[in-house]
Each structure stands twice: as C-alpha cells, then as structure tokens.
Amino acid sequence: MGSFRDRLNRNNIPKHVAIIMDGNGRWAKKQGISRIFGHEKGVESVRITVEAAGQIGIKFLTLYAFSTENWERPKYEVDALMTLLVQTVEAETESLMKNNVSLGVIGDISKMPKKVRKKLNNCIDMLGSNTGLRLILALSYSSHWEILEAVKNIVQDSKDGKVIPEDINEKLFRKYLATADYPDPELLIRTSGEQRISNFLLWQIVYTELYFTNKLWPDFGEEDLYEAIYNYQNRERRFGKISEQLNS
C-alpha cells in the first residue's frame, strides 16, 4: 500500500498537531537500561517528528515535554531531564534554524532552573524571524495551572477596571490562556497505548480528534506521524452538527 505520506490529502493537513510523548521510561525498561537513556532516545523522535511535520506543511506542533506533575519524579531524573533539555536546545538550534522552525514555550517557566530559561530564551530569540513550523514546547505545564492563571489574571484586570465582568465570554477568556497566540489543535496524538489526556490542553481540545497509538515514544517515527494524520483525514469532523448539515 506504500507510505502513508503518499496517501495523504495535502489539502487537508491539520494546521496544529499536539503530541503527548509517552513511553520513554517503559522503552528503557524493555531495553534493560536507565530511564534517562529512554529520554535521550526520545529526543531523536522529537527531531524526526519536527522535521516530518514541517515537510508536510503542519504550521504548529505542540509537544508535552514536561508537566507540572513531573516535578514529583525522583530528583535525579528531574535533574537529568533539565540537563538534557539544555543540551538538546543547544544541539538542535542550528537544525531548527536550517529548517525555518520558530520556537514557543507554554507553562510555568518560572519554576525551571535559571540556566534552562536562559537557553530557551536565547533559542527563541535566535529563531524568532523564522516563518515555517512553529514548535511549541509545553514545559512545567498543566491545564489546571493554565486555567487558574487565566482566572487570576481576569480577576485582577477586573479589579483594575480593565475588564467588565459582563464582557467575560469565551473569546475574552481565550486571550488569557497560554495558547492565546495559537489556534486550537485539530489532532492530538498520544503514544504508549495510554488513553487519557493527562491535564494537557483541556480547554483547547474540545473538538480535537484524538489518536492513540501503542508505539512507545522512542519508537515513534515519521511514518507513525503520517499514519495518525491519514487516520485524521478519514474522520468526519462535525463540531456538534450532523452529517447532512456539513454536506449541504
């Protein structure tokens, strides 16, 4: 049947794809090696996925890289992840520049080590003029955090007279979210066989198509991305309507 890439409808590529990258630890356990090596292997899948996404015309790619809950992991693993993040940003900046990729970050970045924040900001600045794929890293992120922060800021702006309570609606609320500058994802992919959302983009995915694969993240490649998009293209997105309304 050939590659899934060859079967894609290029007029129906999702503008925004989000991915919950799950399974690094389990992949490492299967290999009989440290979880840290699983995370390192997972970086290779990030590189492959970013390049493949840009090549087929995806405009926004959001990767759930580190959740607020991940801070509860053993200190050695958190420290290793922070080190890996810095190393990855340093190593991949040139490649991202070459592929015309820009970078964005969503999450409670204030909790990240100063060195990590500095490297991220430097990379964001360096890639700022690129016009291709927008890679969005969700770091120290959770939807509960995001929504609570939005509520706090709306309340404060209301106190300051910048917002009238009667004017608060969905459109206004969206402006206070961490993703205010990005469209909602059309497709959310989760690897490793788990079928839950794990506190990720809860507001934004109300009409997002969900795709679950048993592949562990380090085994996820470009064909897996194309297969997910092919699956997406063969679904009917009704947004609360019925089929007859869409076809009329």
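Above this text sits the structure in question.
The rules we used
- Residues numbered from 1 in each chain as written.
- Predicted model: local features only at pLDDT ≥ 70, side-chain atom pairs only at ≥ 80, totals over all residues.
- Heavy atoms only, no water.
- Helix = DSSP H or I, 4+ residues; strand = E, 2+ residues; numbered from the N terminus.
- Rg over C-alpha atoms; globule rule 2.2 N^0.38 Å.
- Buried < 20%, exposed > 50% of the residue type's maximum accessible area, 1.4 Å probe, protein only.
- Contact = heavy atoms within 4.5 Å.
- Areas by Shrake-Rupley, 256 points an atom, 1.4 Å probe, with all protein chains shown as cover.
- Salt bridge = Lys/Arg side-chain N within 4 Å of Asp/Glu carboxyl O.
- 1 Å grid on protein atoms, 1.4 Å probe; cavity = no way out; pocket = protein on both sides within 12 Å on 5 of 7 lines; lining within 4 Å.
- Points joined across faces, edges and corners; volume = space filled by probe spheres on them.
- Nonpolar A, V, L, I, M, F, W, Y, C, P; charged D, E, K, R; others polar.
- Core = buried A, V, L, I, M, F, W, Y, C linked by side-chain atoms within 4.5 Å.
- Pairing = 2+ DSSP bridges.
- Axes fitted to C-alpha atoms, helices over the stretch in contact; angles between N-to-C directions.

On to the overall build of the protein chain. Scanning the protein chain for helices and strands turns up eight helices and six strands. Helices and strands in the protein chain line up, N terminus first, as β-α-α-β-α-β-α-β-α-α-β-β-α-α. In terms of overall size, the protein chain behaves like a compact globule, its C-alpha atoms giving a radius of gyration of 19 Å where 248 residues would be expected to give roughly 18 Å. Along the first, second and third principal axes, the C-alpha set of the protein chain runs to 55 × 50 × 35 Å. Across the 248 residues of the protein chain, 46% fall into the buried class. Excluding contacts between residues fewer than 6 apart, the proportion of contacts in the protein chain whose partners are at least 24 apart in sequence is 77%. Just so you have it, the protein chain exposes about 13400 Å², and 49% of that area is on carbon and sulfur atoms.

Moving on, we get to the pattern of salt bridges. For the structure shown, the criterion picks out 15 salt bridges. One salt bridge in this structure joins arginine 190 and aspartate 22, with 2.9 Å as the shortest N-O distance. A residue pair is termed long-range when its members are at least 10 positions apart, and arginine 190 in strand 5 (residues 187-190) and aspartate 22 in the loop between strand 1 (16-20) and helix 1 (24-31) qualify at 168 residues. On the accessibility criterion, arginine 190 (5% relative accessible area) is buried. Judged by its relative accessible area of 15%, aspartate 22 falls in the buried class. Put simply, aspartate 184 and arginine 174 hold a salt bridge, and the shortest N to O gap is 2.9 Å. Here aspartate 184 is found in the loop between helix 6 (170-174) and strand 5, whereas its partner arginine 174 is found in helix 6, with 10 residues between them in sequence. A cluster of three or more residues bridged by salt bridges with shared partners is formed by Asp22, Arg26, Arg190, Glu194 and Arg196.

Looking now at empty space enclosed by the protein. Applying the stated criterion across every chain yields a total of one cavity of 30 Å³ or more. In this structure, the largest cavity encloses a volume near 30 Å³. Here the residues of the lining of the largest cavity are counted per class, giving four nonpolar, four polar and no charged.

Take the nonpolar core next. Ile19, Ile58, Leu61, Leu135, Leu187, Ile189 and Ile229 are the most contacted members of the largest nonpolar core, which totals 42 residues. Elements with a minimum of two residues in this core: strand 1, helix 2 (35-56), strand 2 (60-67), helix 3 (75-98), helix 4 (114-126), strand 4 (134-141), strand 5 and helix 7 (222-233). Tallying contributions element by element places helix 3 first for this core, with seven residues.

The strand order across the open sheet built from six strands is 3-4-2-1-5-6, with neighbouring strands paired in parallel fashion. Only two strands of the sheet have a single neighbouring strand rather than two, namely strand 3 (102-106) and strand 6 (209-212). Ignoring which end each strand starts from, the neighbouring axes of this sheet average 20° apart. Pairing between strand 2 and strand 4: seven bridges, direction parallel. In the strand pairing of strand 4, leucine 63 is matched with leucine 137.

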